[in-house]
Amino acid sequence: MTMNSKPNRLAKEKSPYLLQHANNPVDWFPWSEEAFETAKRENKPIFLSIGYSTCHWCHVMERESFEDEEVAALLNKDYVSIKVDREERPDVDHLYMSVCQAMTGQGGWPLTIIMTPEKKPFFAGTYFPKGRKLGRAGLMEILPQIAGKWRDNPERVLLIGDQVVEETQKRLLGNLEGELSKGLLEQAFRIYEKLYDRTYGGFGDAPKFPASHNLSFLLRYWRRTGVAKALEMVEKTLDAMHRGGMYDHIGFGFARYSTDRQWLVPHFEKMLYDNALLTMTYIEAYQATGKQRYADVAEQTISYVLRDMTAAEGGFYSAEDADSEGVEGKFYVWKPSEVMQVLGEEEGELFCEVFHITEEGNFEGNSIPNLIERALEDSARLKQLELGDLQVRIESARQKLFAHREKRVHPHKDDKILTSWNGLMIMALAKAAKALQKPEYAAAARKAADFILTKLRREDGRLLARYRDGEAAYLAYADDYAFLIWGLIELYEATFDIKLLKQAVQLNEDMLRLFWDEEHGGFYFYGQDGEQLFTRPKEIYDGAMPSGNSAAALNLLKLSRYTYNAKLAQKAEEQLNAFAGSAQRYPSGHALYLTALDFSLTAPAEIVIAGDPGSEDTQEMISAVQRMFIPEALLMLHPKGEAGAQVSELIPLVADKLPLGGRATAYVCENFACQSPVGTVEELEELLLGSSIE
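Calculation notes
Residues numbered from 1 in each chain as written. Predicted model: local features only at pLDDT ≥ 70, side-chain atom pairs only at ≥ 80, totals over all residues. Heavy atoms only, no water. Pairing = 2+ DSSP bridges. Helix = DSSP H or I, 4+ residues; strand = E, 2+ residues; numbered from the N terminus. Contact = heavy atoms within 4.5 Å. Axes fitted to C-alpha atoms, helices over the stretch in contact; angles between N-to-C directions. Salt bridge = Lys/Arg side-chain N within 4 Å of Asp/Glu carboxyl O. Buried < 20%, exposed > 50% of the residue type's maximum accessible area, 1.4 Å probe, protein only. Disulfide = S-S within 2.5 Å. Expected span 1.5 Å × (residues − 1). Arc of directions from axis to C-beta.

Asker: Residue-level account of the sheet that holds strand β18 (residues 665-670), with values.
Answerer: Neighbouring strands of a sheet are bound in pairs by backbone hydrogen bonds; such pairs are parallel or else antiparallel. Across the sheet, which stays open at both edges, the four strands sit in the order β17-β16-β18-β19 with mixed pairing between neighbours. Because the sheet does not close on itself, it has two edges, and the strands there are β17 (633-638) and β19 (673-674). Where β18 lies against β19, two bridges are found, and the strand directions are antiparallel. In the strand pairing of β19, Glu 670 is matched with Ala 673. Where helix α21 (residues 548-563) meets the sheet, it contacts β16 (605-610) and β17, and its direction lies at approximately 40° from that of β17. Sitting on the sheet, helix α25 (residues 616-626) touches β16, β17 and β18, and the angle it makes with β17 is about 170°.

Pasting the structure below:
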């Protein structure tokens, strides 16, 4: 294998993934009109390769094939080759991933597509080795065969492309009709119950993904019904994920997924969106149960993001690689001898015993620290130690091991800043700020929001999707709008800065204008002003991330109630109806949609605190509400004077809610009726606990 001494066109790009391929001997194009015009002029098919910079198998395919002169010679002779970063162009990725899943029954990255110069695909797959391996065809066979068919029978190839396009359009554009009812929530719960792994937590067999939005739905189902099984599934899964090797016990934060059933061996890459969504769910579990361990995991995860994944300007980076020095997981694993070297014999033996670091290891001769065999409480009993004393010793050891690990070669960090993933992290930080009463989390969220709203918006207000190295690029997608709006709404409830809610309302108006399907309802994935691909899909299925359409449904419901906007309420209803059939067909694949449905089916609840934001009594009331798990309630603050006038202009409900007797006063309104105002925290808590709200 050799590297090209002369960089290809990707050297001019900002994407870390494209730059990783800038010295390949493959004559790569970025996705561009130049590439498609070249293919038309030279009558060549397109070889499209889609991946991302922290993708392990993308690295493997690059080393085996794209750095190889023989493979490069075939591609350069017979194809126009395009490389796409899926995180910069999720519109392209979503569309062609749907093609791959339809043609092969599976998908993943790297995604390999061969298509006509008109972007019509006729061959699809994922990872391919250079030569045939373990029954899998290699590029050295596939590329000449397809090039031959393109030359010898182009009519047949073009026909296949037309058929694939037609089938893909049918799959992606069909809105399935269905009925909305509480029965859909029950149906989803029963499916989760069947999929639930009673031994190790989570759902299904290996590999296991965190899918925290599933757990957040189950928390709401438990709250709605009181069914203990729903809470049990949530708690066991959250405990198992944290105790397993998928959680980084030395430096904190979660890896992308577990390769095994018991959460031991992760796919070591860390994604911002996973850590944001898991922070959200651990916070909600803390609010619902009052168990400190869930708050601790959330805070540790936040500390990882703020330490390792935050730009100086405030935005959050995208991901960290699984590999370092070309070896998956090398940065994260240990041998007992290295632990002893850092900690000394006594503390080293204790740490190794607690975290199951052994000579034989649990991952390719090394050990991934984990607590699967014994929780810390069990180790304390076994060692006849006070739990608090053991925790102090373990934390001291962890800090020393972390400092030692920092000297290792770090995995690659993808330092691009994505609007959508930042929206999720802003949301999670705002939730944590409320539940834990940590204003520093709200400050970090606000700094990120200000960064996005300043650096990732054009002068005309159009949101953009990616920022890196001083450049903002790509028109934002539905997910960017939906997740950022979600974050801004949560951040308003953490800070009560009315400007944040105004921004959310404005962005929501923009989203409706740019993405809404007037005929069938729902939001298209890319805007009417974006590049028009061969079809314009809508995403509703929740994968590793929830869909933007589901988040948008929740946003529409909340903003309609904040602003008393009947048109938004109607849009929210249309949004839920647009995807009811899809959710009925596979409820457990639409967890955030079901969360929005649950919100819509619950009696509207609003809590207004009227008072001076700086006064102690006002803050005590706010804190009492923010700490509770009341997902169906909206919380708002009505200050006095000009600030209060601005709030009541946007939120009509607060206009007549005033502090009584010079003290902070709480108004609890449920199902369009307000109860008598109360003037103490105790009365407020009693009111909430005694009503159907809590």
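What follows continues from the structure just given.
Asker: Please give an account of the pattern of salt bridges that cites residues and values.
Answerer: All told, the structure shown has 62 salt bridges when counted by the stated rule. Put simply, Glu 64 and Lys 133 hold a salt bridge, and the shortest N to O gap is 2.9 Å. Linking Glu 64 in helix α3 (residues 56-66) with Lys 133 in the loop between β5 (121-125) and α6 (139-152), this pair joins segments that are 69 residues apart in sequence. On the basis of relative accessible area, Glu 64 is assigned to the buried category, the value being 17%. A salt bridge links Lys 416 to Glu 87; its shortest N-O distance comes to 2.6 Å. Pair noted here: Lys 416 is in the loop between β12 (413-414) and β13 (417-418) and Glu 87 is in the loop between β3 (80-85) and α5 (90-104), with a separation of 329 residues, a long-range link. Neither residue differs from the other here; Lys 416 and Glu 87 are each classed as buried.

Asker: I'd like to hear about the state of the cysteines, residue by residue, with values.
Answerer: The final tally for this structure, using the stated rule, is two disulfides. Two residues share a disulfide in this structure: Cys 55 and Cys 58, whose sulfurs sit 2.3 Å from each other. Handedness of the Cys 55-Cys 58 disulfide follows from its S-S torsion of about 80°: it is right-handed. In this structure Cys 58 comes out as buried when scored by relative accessible area, which is 3%. Across the disulfide from Cys 669 sits Cys 674; the S-S distance is 2.0 Å.

Asker: Got a sec to walk through helix α16 (residues 387-405)? Specific residues and values, please.
Answerer: Side chains that are three or four residues apart share a direction in an α-helix, a result of its 3.6 residues per turn. With 19 residues, α16 ought to run about 27 Å at 1.5 Å a step, and its terminal C-alpha atoms sit 26 Å apart, in line with that. Along α16, the residues that are buried comprise Leu 390, Ile 394, Ala 397, Arg 398, Leu 401, Phe 402, His 404 and Arg 405. Down the axis of α16, the sector holding all buried residues measures 150°, keeping them to one side.

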